[in-house]
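A structural walkthrough
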Amino acid sequence: MPLNLWRFTLLVSTIFSFYPLVAQQPTVTSFSPASAKTYEQLTIKGTNFIDVTSVTIGRKRPIRFTVVDANTITAEVGAGASGSVNVNTPYGTGTLGGFTYIVTPPPVITSFSPLKAPVASTLHITGQHFDPVRENNKVFFGNVPAIITAATSTSLEVTVPAGALHKPISVTREWLTGYSAQPFTMTFEKNSGVLTPTSFDNPRIKTTPHGNYFAATADFDLDGRSDIVLSSSTSGLVDIFPNQTSGFDPVFGNPVSLNPGRGTDAVCAGDLDMDGKPDLVIIDDGDGYPHASVSIYHNNSTRNNISFDTVIYYASGTNEYSGPRSASIADLNADGRPELIVVNREGTISVFRSESTRGNIYFAAQAMIPGIGGAVDVEVGDLNNDGKPDIAVCSYPNAVISLLTNTSSGDNITFLPKVDYPAARGALGISLGYLDNDDKLDIAVAADESLKVMAYQNTSTGGVISMAAPQLLPVVNWPQDIAINDIDGDGRVDIVTIEGQSGNITVLKNKSETTLAFDSITYRTNVDASEALLLADLNHDGSTDIISVGGMSTAMGMLLNKVRAAQITSFSPLNAGPGTLVTIKGYHFTNATQVSFGGIAADSFAVVSDTEIVVTINKASSGQVTVF
């Protein structure tokens, strides 16, 4: 009996010791085809495909894989690379080399013309790798979609959309995107170049559910109207307001609310999976790691119905006290997939390299760039005209801006060491644009603690980034945020900033030639304690409106652009009877169709010039003088 028991014990011991991991280690014996591009299917053959945890193709994960049986796996090739095919299980890894990834070249924009144009103009894009089938291309002006009217493999003809801002143009084809190095500038067809105290209508006030500190704008449902995103640090919620405007006054639908499950700070939007819809990035600087993170919402909207179907979290920053502060989206390595660039208060920049594919947003682990102390805002643009977008960061406590030259190639995203330029203490916002006429991106910075706005003229040559000493510009107190765009339609981009305490908007009208020069004019928004500034064409009339977003106050104030409308500066005499000649002075009278006095239209009038009208009084009443 003891002998039998011993034999039984030996048998059990043999079974457990002979069932080692080696026995179930997978092997890859073949795969076909031997070469493939993104979205093509790869069939992998081998043994022991049991409890498969992951598959990699040339070191990259596939879009998806299916274990057909213990000897077969099918995988859809993702943002790939050449190399080995690996099958991973708890029992080991099977590998077989020799896979060749076929690179699909992304669209390349070499130029577009004209560089400046009004809404509804025809614009020609020249480049490579466009689809000759018009419907297979997507074109965006920043985050605003455009209508394509004609296409070849090397050229596209598009219609300039309302709402286009001073941003690069992009072309998407086969779920890869190419970007222009230069930003487009929206102008006015007529009645441009003059800013007066009446250039904006009385502010419209929109009550919001929460106090808001950060904002963004994009056409999420592709209906041709710019929607507004507001982020509330106090509530932890993000609200997207669908733009439903059909007339002059803005109209918004009920907000679509998102709850990332943590605090919220800065927001930005961009098409991360190249499906032609801008996705939403929400920053949380967090009170406790891993809450210091980036939340990415995938856009699943249809026309007139804004929705998001998945949320993905990425940790950014290294501890609970030094999390992310701001983000920007740009294709740093020209592979057709835009990266996510995040500045962290701890003094680092996190760069998330994109491996996204159609409908699948995915980034590689963050690569950290150190030595950017106190960074609060980031912008990305080609500062040295070498075709690669560079990074510009402003620091609140350190009174500097830091510029990093992009030297990326392939999967290797790299930058030269930062170069610092002096700034005023309290720098909160940074923006890039063509402020003079040399086709180099200049820089504007808002510093609230120092009560200053600074403009840096780009003096780069030979691929080396350099900036002239900053020029201090006249603004009101406590500038909180800053943006660059052509406000008066004259072809020169202006600087717009917002005062934190009063919510007033200051427009620095650009009159630069070879040197930077600006005039200053301020507008009241009736939203106190403002934190954020937005530019958007809210009513689809081809001119840029200005939105002030309240911080402590639950409101946003909208200044509607009337620069193209007739503006009266004076009339004389102030009192008149029948037969009296009245002279009206102002701007944009060339296309006037009616003049009224006290609401009664004059029988006739004469347009002397774009700035003068004469009317002989016949029937009128006291009251407001109006030129239509």
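For the structure, check the block above.
A brief look at the structure comes next. (Residues numbered from 1 in each chain as written. Predicted model: local features only at pLDDT ≥ 70, side-chain atom pairs only at ≥ 80, totals over all residues. Heavy atoms only, no water.)

1. Looking at the overall build of the protein
Broken down by element type, the protein carries 1 helix and 52 strands. Based on the C-alpha atoms only, the size of the protein along its principal axes is roughly 130 × 50 × 50 Å. The buried share of the protein, taken over its 628 residues, is 54%. When contacts within the protein are restricted to residue pairs at least 6 apart in sequence, those whose partners lie at least 24 apart make up 52%. Of the roughly 25100 Å² that the protein leaves accessible, carbon and sulfur atoms contribute 53%. Put simply, the protein has 37 plus and 60 minus side-chain charges, and the middle of one group is 3 Å from the middle of the other. (Helix = DSSP H or I, 4+ residues; strand = E, 2+ residues; numbered from the N terminus. Buried < 20%, exposed > 50% of the residue type's maximum accessible area, 1.4 Å probe, protein only. Contact = heavy atoms within 4.5 Å. Areas by Shrake-Rupley, 256 points an atom, 1.4 Å probe, with all protein chains shown as cover. Lys, Arg positive; Asp, Glu negative; His and termini not counted. Charge placed at Lys NZ, Arg CZ, Asp CG, Glu CD.)

2. What to know about the sheet that holds strand E51 (residues 612–616)
Taken in spatial order, the 4 strands of this open sheet run E46-E47-E51-E50, and their pairing is antiparallel. Lying at the two open borders of the sheet, with one neighbouring strand each, are strand E46 (567–572) and strand E50 (606–609). Between one strand axis and the next, the sheet turns through 25 degrees on average, direction left out of account. As defined by bridge partners, strand E47 (residues 581–587) adjoins E51 across 5 bridges and the pair is classed as antiparallel. What sits directly across from Val582, in E51, is Val615. (Pairing = 2+ DSSP bridges. Axes fitted to C-alpha atoms, helices over the stretch in contact; angles between N-to-C directions.)

3. Observations concerning the pattern of salt bridges
Scanning the entire structure with this criterion turns up 19 salt bridges. The shortest N-O distance in the salt bridge between Glu76 and Arg358 comes to 3.6 Å. Of the two residues, Glu76 sits in strand E6 (residues 72–76) while Arg358 sits in the loop between strand E29 (348–352) and strand E30 (367–369), which places them 282 residues apart along the sequence. Overall, the relative accessible area of 14% leaves Glu76 in the buried class. A salt bridge links Arg204 to Asp201, with the nearest nitrogen and oxygen atoms 2.8 Å apart. (Salt bridge = Lys/Arg side-chain N within 4 Å of Asp/Glu carboxyl O.)

4. Describing the pairing of strand E32 (residues 390–395)
With 6 of 6 residues buried, E32 is to be regarded as a mostly interior element. Bridge analysis of strand E31 (residues 375–381) against E32 gives 6 bridges, and the strand direction is antiparallel. Looking at E32, one finds that Ala375 is bridged to Ser395. As paired strands, E32 and strand E33 (residues 400–404) are joined by 5 bridges and run antiparallel to one another. The residue bridging Ser395 from the neighbouring strand is Val400, located in E33.

5. Some thoughts on the pairing of strand E15 (residues 168–173)
Regular strands show a simple pattern: their side chains alternate between the two faces of the sheet. Pairing geometry for strand E12 (residues 137–141) and E15, over 5 bridges, is antiparallel. Bridge pairing links Lys138 to Thr172 in E15. Between the antiparallel neighbours E15 and strand E16 (residues 176–183) lie 2 residues, among them Glu174 with a positive phi of about 50 degrees.

6. So, the packing of aromatic side chains
This model, assessed by the stated rule, comprises 10 aromatic pairs. Ring centres 4.9 Å apart and planes at 70 degrees place the aromatic pair Phe200 and Tyr523 in the edge-to-face group. Taken as a pair, Phe200 in the loop between strand E17 (185–187) and strand E18 (204–207) and Tyr523 in strand E42 (residues 518–523) lie far apart in primary sequence, 323 residues in all. This pair shows no difference in class: Phe200 is buried, exactly as Tyr523 is. Pairing Tyr297 with Phe308 gives two aromatic rings, centres 6.2 Å apart and planes at 80 degrees, and the pair type is edge-to-face. Placement of Tyr297 in strand E25 (residues 293–299) and of Phe308 in strand E26 (residues 308–315) is noted, with a sequence separation of 11 residues between them. As far as the burial class goes, Tyr297 and Phe308 line up, both buried. What links up through ring pairs into an aromatic cluster is the set Phe112, Phe141 and Phe184. When the ring centre of Trp175 is taken as reference, the NZ or CZ atom of Arg358 above it lies at 4.3 Å. (Phe/Tyr/Trp six-rings, centres within 6.5 Å; stacked < 30°, edge-to-face > 60°. Lys NZ or Arg CZ within 6 Å of the ring centre and 35° of its normal.)

7. Description of unusual backbone geometry
Backbone phi values are negative for most residues with the exception of glycine, while trans is the configuration of most peptide bonds. Ser113 connects to Pro114 through a cis peptide bond whose omega is -5 degrees. Within the secondary structure layout, Pro114 lies in the loop between strand E9 (108–113) and strand E10 (116–118). Ser572 connects to Pro573 through a cis peptide bond whose omega is 0 degrees. Topologically, Pro573 is positioned in the loop between E46 and E47. In this structure, Asn304 takes a positive phi of about 65 degrees despite not being glycine. Its location among the elements puts Asn304 in the loop between E25 and E26.

8. Overview of the environment of Arg225
Summarising the element assignment, Arg225 is placed in the loop between strand E19 (214–218) and strand E20 (227–231). Along the primary structure Arg225 and Asn243 are separated by 18 residues, whereas in three dimensions their C-alpha atoms are 6.0 Å apart. Excluding its chain neighbours within four sequence positions, the residues that come into contact with Arg225 are Asp219, Asn243, Gln244, Thr245, Asn304 and His540. Looking at Arg225, its side chain comes within polar contact range of the side chain of Asn304, at 3.5 Å. (Polar contact = N/O pair within 3.5 Å; in protein donor to acceptor, adjacent residues only side chain to side chain.)

Keep in mind these values describe shape, not function.
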